[in-house]
Amino acid sequence: GDSVTQTEGQVTVSESKSLIINCTYSATSIGYPNLFWYVRYPGEGLQLLLKVITAGQKGSSRGFEATYNKEATSFHLQKASVQESDSAVYYCAANSGTYQRFGTGTKLQVVP
Amino acid sequence: NSKVIQTPRYLVKGQGQKAKMRCIPEKGHPVVFWYQQNKNNEFKFLINFQNQEVLQQIDMTEKRFSAECPSNSPCSLEIQSSEAGDSALYLCASSLSEGQNTLYFGAGTRLSVL
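Everything in this summary refers to the structure shown in the same document. Predicted model, so just to flag it, every value in this text is computed and none were measured. (Residues numbered from 1 in each chain as written. Chains lettered and ligands numbered in written order. Predicted model: local features only at pLDDT ≥ 70, side-chain atom pairs only at ≥ 80, totals over all residues. Heavy atoms only, no water.)

## Some details on the pattern of salt bridges
So, step 1. Evaluation of the coordinates by the stated rule reveals 4 salt bridges over all chains.
So, step 2. Between Asp86 of chain A and Lys79 of chain A there is a salt bridge whose closest N-O contact spans 2.7 Å.
So, step 3. Among the charged side chains, a network of salt bridges with common partners joins Arg64, Glu83 and Asp86 of chain B. (Salt bridge = Lys/Arg side-chain N within 4 Å of Asp/Glu carboxyl O.)

Structural data, given as structure tokens:
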């Protein structure tokens, strides 16, 4: 069935270093789902970071980027240089019919 | 910032008690979703509505859970007889359409069933 997988539960990165958070999806009920990254900052609600609806396209926001790779069924989140303010939990999601399926999230901790 | 309002923020119930939570979707959003996020951070879709009509719901929702989105009133999710396994964060989200569009989330209702 449809699913979204994030393999890293927690990632610790030093400030100004690069980041990659992995996300793969399985979409059997819908050929090319829309793909999303949501973020939950400490003390705040879940909010959209970026989305891509067309296979092969790249989305970007706040210095983060993610490319919709339909061959690898991946949508990895990357940032070239992280800041302490990026510390948050990041969730990958894909629409599956009438609702979105979510990964279990990756907690990013950026240390000085 | 999202304008989806969920109340209460915290809810504590004993096993067998009813638990009811409410959600006011963002203005102009016809679609409302309820998700359960458990202690393992897994999201479980429960039910969604377009205006007042149910679009889709899972089997669990059909038994002990009930939900509605009446016209001109907050949406609600109610657990008829709470169980310990229902302890979770319940998230309401609204959107312009079904699954394809961005979801705007409320802060959630954290239910603890003792």
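## Re the packing of aromatic side chains
So, step 1. Applying the stated criterion across every chain yields a total of 15 aromatic pairs over all chains.
So, step 2. Considering the side-chain rings of Tyr38 of chain A and Phe102 of chain A, the 5.5 Å spacing of their centres and the 45° angle between planes classify their relative orientation as tilted. One end of the pair, Tyr38 of chain A, is in strand β5 (residues 35–40); the other, Phe102 of chain A, is in strand β11 (residues 99–102), with 64 residues separating them in the sequence. Judged on exposure class, the residue Tyr38 of chain A and its partner Phe102 of chain A are both buried.
So, step 3. Measuring from centroid to centroid gives 4.4 Å for Phe102 of chain A and Phe43 of chain B, while their planes differ by 20°, and the two rings are stacked. Here Phe102 of chain A is found in strand β11, whereas its partner Phe43 of chain B is found in strand β5 (residues 43–50) on a different chain.
So, step 4. An aromatic cluster is defined as three or more aromatic residues linked by ring pairs; in this entry it consists of Phe36, Tyr38, Tyr91, Tyr99 and Phe102 of chain A together with Phe33, Tyr35, Phe43, Phe45 and Phe105 of chain B. (Phe/Tyr/Trp six-rings, centres within 6.5 Å; stacked < 30°, edge-to-face > 60°. Helix = DSSP H or I, 4+ residues; strand = E, 2+ residues; numbered from the N terminus. Buried < 20%, exposed > 50% of the residue type's maximum accessible area, 1.4 Å probe, protein only.)

## Topic: the interface of chain A and chain B
Buried accessible area, meaning the area lost when the parts come together, often serves as the stated size of an interface.
So, step 1. Each partner contributes to the interface: chain A provides 16 residues, whereas chain B provides 19 residues.
So, step 2. Our count for the chain A to chain B interface comes out at 0 salt bridges.
So, step 3. Scanning the region where chain A abuts chain B turns up 8 residue pairs in polar contact (both at pLDDT 80 or more).
So, step 4. Elements with a contribution of two residues or more to the side of chain A that touches chain B: β5, β6 (47–52), β10 (88–96) and β11 of chain A.
So, step 5. Its residues assigned to classes, the side of chain A that touches chain B shows 7 nonpolar, 7 polar and 2 charged. (Contact = heavy atoms within 4.5 Å. Polar contact = N/O pair within 3.5 Å; in protein donor to acceptor, adjacent residues only side chain to side chain. Nonpolar A, V, L, I, M, F, W, Y, C, P; charged D, E, K, R; others polar.)

## Focus on the nonpolar core
What tends to happen in soluble globular proteins is that the nonpolar side chains get buried as a cluster.
Residues and elements named next belong to chain A.
So, step 1. Ranked by internal contacts, the top residues of the largest apolar core, which has 26 residues, are Leu19, Trp37, Leu49, Leu50, Phe75, Leu77 and Tyr90.
So, step 2. Only β2 (10–14), β3 (19–21), β5, β6, β8 (64–67), β10 and β12 (106–111) provide two or more residues apiece to this core.
So, step 3. Broken down by element, the residue count for this core peaks at 4 residues, all from β10.
So, step 4. With residues up to four places along the chain from it excluded, the contact list for Leu77 reads Leu19, Ile20, Ile21, Trp37, Leu49, Leu50, Phe64, Glu65, Ala66 and Tyr90. (Core = buried A, V, L, I, M, F, W, Y, C linked by side-chain atoms within 4.5 Å.)

## Side note on the sheet that holds strand β1 (residues 5–7) of chain B
All names here are of chain B.
So, step 1. A sheet is described by the order of its strands in space; here 4 strands give the open sequence β1-β3-β8-β7, paired in antiparallel fashion. The outermost strands of the open sheet, each flanked by one partner alone, are β1 and β7 (65–68). Taken over all neighbouring pairs, the strand axes of this sheet differ in orientation by 15° on average, direction set aside.
So, step 2. As paired elements, β1 and strand β3 (residues 19–24) share 3 bridges and run antiparallel to each other. The partner of Ile5 across the bridge, within β3, is Ile24. (Pairing = 2+ DSSP bridges. Axes fitted to C-alpha atoms, helices over the stretch in contact; angles between N-to-C directions.)

## Examining the environment of Gln6 of chain B
Residues and elements named next belong to chain B.
So, step 1. Structurally, Gln6 can be placed in strand β1.
So, step 2. Of the residues examined, Gln6 reaches a relative accessible area of 6% and is grouped as buried.
So, step 3. Note: C-alpha distance between Gln6 and Ala107 (101 residues apart in sequence) is 6.5 Å.
So, step 4. A polar contact is formed between the side chain of Gln6 and the backbone oxygen of Tyr90, at a distance of 3.0 Å.
So, step 5. Polar side-chain contacts of Gln6 include one of 2.9 Å to the backbone nitrogen of Cys92.

## Digging into empty space enclosed by the protein
Residue and element names in this part refer to chain A.
So, step 1. With the rule as written, the count across this model stands at 1 cavity of 30 Å³ or more.
So, step 2. There is about 40 Å³ of room inside the largest cavity.
So, step 3. Taken together, Asp2, Ser3, Val4, Tyr25, Ser26, Ala27, Ala94, Asn95, Ser96 and Arg101 form the lining of the largest cavity.
So, step 4. Going through the elements one at a time, β1 (3–5), β4 (24–26) and β10 are the ones with two or more residues in the lining of the largest cavity.
So, step 5. For the lining of the largest cavity, the leading source of residues is β10, giving 3 residues.
So, step 6. Across the lining of the largest cavity, the residue classes break down as 4 nonpolar, 4 polar and 2 charged. (1 Å grid on protein atoms, 1.4 Å probe; cavity = no way out; pocket = protein on both sides within 12 Å on 5 of 7 lines; lining within 4 Å. Points joined across faces, edges and corners; volume = space filled by probe spheres on them.)

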